[in-house]
Amino acid sequence: MVAQTRFFGEVTIDDDKILDFPNGIIGFEDKHKFAIIYDLEKGEDSAIRWLQCMEDPYMAFPVLEPFAVMDEYNPMIEDSLLEPLGNPSDDDMIVLLTLITSSDVTKVTANLKAPIIINLATCKGGQIIVENPDYDSKFNVYDAVQKRLSIFSFLS
């Protein structure tokens, strides 16, 4: 499938990489087809990727894996919320956090309260509000990265 994107122009995405979000994403319940893309210049291993809506070239959410900014992320999710995704096993499940960007890099936050869950076996995804009371919807990514860097420099 060829998709027009706001940030990357025209990209080709294999049909088997298109993700179905049966309930859409919070605030965008009418959008159901997405793909995860990345900036070729930064490479496939880049921490930040994009959840690109295939139905709207202007809708793309920056996302990252939680372990890029924290050592432990274990959201409590009711099994019934995973049913529309086909009840993914741990091996088939990818968890991503949406980023809220800012022109001030020190203000970039990640939403720990509503992760994106993707079942690789069924190519179904959804955004789920988790039960953990200690997870914030505005987790400061800059502070977390600085803390991790200072720990690594201390260990070197």
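All values derive from a computational prediction rather than experimental measurement.

### Description of the environment of Ile-26
Within the element layout of this structure, Ile-26 appears in the loop between strand S3 (19-20) and strand S4 (33-37). The class of Ile-26 is partly exposed, set by a relative accessible area of 44%. Contact partners of Ile-26, with chain neighbours within four places excluded, come to Ala-114, Gln-127 and Ile-129.

### Notes on the pairing of strand S1 (residues 2-5)
Every second residue of S1 is oriented toward a common face, the buried set being Ala-3 and Thr-5 and the non-buried set Val-2 and Gln-4. Bridge count between S1 and strand S2 (residues 9-12): four bridges; the pairing is antiparallel. In the sheet register, Thr-5 faces S2, and the bridge partner there is Gly-9. Hairpin remark: S1 followed by S2, antiparallel, with three residues in the connecting loop.

### Re the packing of aromatic side chains
As enumerated under the stated definition, the model contains five aromatic pairs in all. Where Phe-8 meets Trp-50, the ring centres are 6.3 Å apart and the plane angle is 75°; that geometry is what we call edge-to-face. Placement of the pair is Phe-8 in the loop between S1 and S2 and Trp-50 in strand S5 (residues 48-53), with a sequence separation of 42 residues. Among the residues examined, Phe-8 registers a relative accessible area of 26% and is labelled partly exposed. Taking the relative accessible area as the measure of exposure, Trp-50 reaches 18% and is therefore buried. Pairwise contacts between aromatic rings join Phe-7, Phe-8 and Trp-50 into one cluster.

The rules behind these values
- Residues numbered from 1 in each chain as written.
- Predicted model: local features only at pLDDT ≥ 70, side-chain atom pairs only at ≥ 80, totals over all residues.
- Heavy atoms only, no water.
- Helix = DSSP H or I, 4+ residues; strand = E, 2+ residues; numbered from the N terminus.
- Buried < 20%, exposed > 50% of the residue type's maximum accessible area, 1.4 Å probe, protein only.
- Contact = heavy atoms within 4.5 Å.
- Pairing = 2+ DSSP bridges.
- Phe/Tyr/Trp six-rings, centres within 6.5 Å; stacked < 30°, edge-to-face > 60°.

Function cannot be read off these values alone, since they describe shape.
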